[in-house]
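Residues per chain are reported as follows:
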Amino acid sequence: MFRFHKTLDIITLFHKSGSPASTRAAALLKQISANASEPATEDQASDHTPQTAPPRDEFELNITEDLPTEDQLRTILGYVGESKVSSVVKGASSESDAIKKFKSSADNFQRPVIVDWNNGKAVAGGQESEILKLLSQSKGQSA
């Protein structure tokens, strides 16, 4: 009997190592990724409920200090929506303005940015609640 394995969702963190917010986001994503892929067994803990029901399905975590490509940036801007482009590209008022500012200076790209490529969602900034919301909304949405 053949069984097709579901591919893992890909979550990318566009990271800046000197940024405390980005470092916190990386630590949080690593912790959630580890919990999703390695739930505790009955002999490892007395309370099994949180360990056996991770906040989301297992995913592939990609942490990069590289900037996104222009196509990736367009996709990210589409995910966050027109009203939040300035949270991704400093001072941008629209998608086209964001692309122009990004091309003029890579420093305009504001990290951390977390992207769930499979579920079409992105969060800019290191707010833990927003990151958790992004990850929990993605649980079980793809089959």
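Residues numbered from 1 in each chain as written. Predicted model: local features only at pLDDT ≥ 70, side-chain atom pairs only at ≥ 80, totals over all residues. Heavy atoms only, no water.

An unreviewed UniProt entry annotates the protein chain as Thioredoxin-like protein originating from Microdochium bolleyi.

Caption draft 1: Main features of the sheet that holds strand E4 (residues 121–124). Pairing within the open sheet is mixed, and its four strands lie in the order E2-E1-E3-E4. Both edges of this open sheet fall to strand E2 (59–64) and E4, since each of them pairs with a single strand only. Averaged over neighbouring strand pairs, the angle between their axes works out to 15° when direction is ignored. Two elements, strand E1 (residues 9–14) and E2, share six bridges in a ladder whose sense is parallel. Across the sheet, Ile10 pairs through a bridge with Glu60, a residue of E2. (Pairing = 2+ DSSP bridges. Helix = DSSP H or I, 4+ residues; strand = E, 2+ residues; numbered from the N terminus. Axes fitted to C-alpha atoms, helices over the stretch in contact; angles between N-to-C directions.)

Caption draft 2: Molecular detail of the packing of aromatic side chains. All told, the structure shown has three aromatic pairs when counted by the stated rule. Consider the rings of Phe14 and Phe109, whose centres lie 5.9 Å apart with planes at 85°: the pair is edge-to-face. A residue pair is termed long-range when its members are at least 10 positions apart, and Phe14 in strand E1 and Phe109 in the loop between helix H5 (95–104) and strand E3 (113–116) qualify at 95 residues. One aromatic cluster in this structure is built from Phe14, Phe102 and Phe109. (Phe/Tyr/Trp six-rings, centres within 6.5 Å; stacked < 30°, edge-to-face > 60°.)

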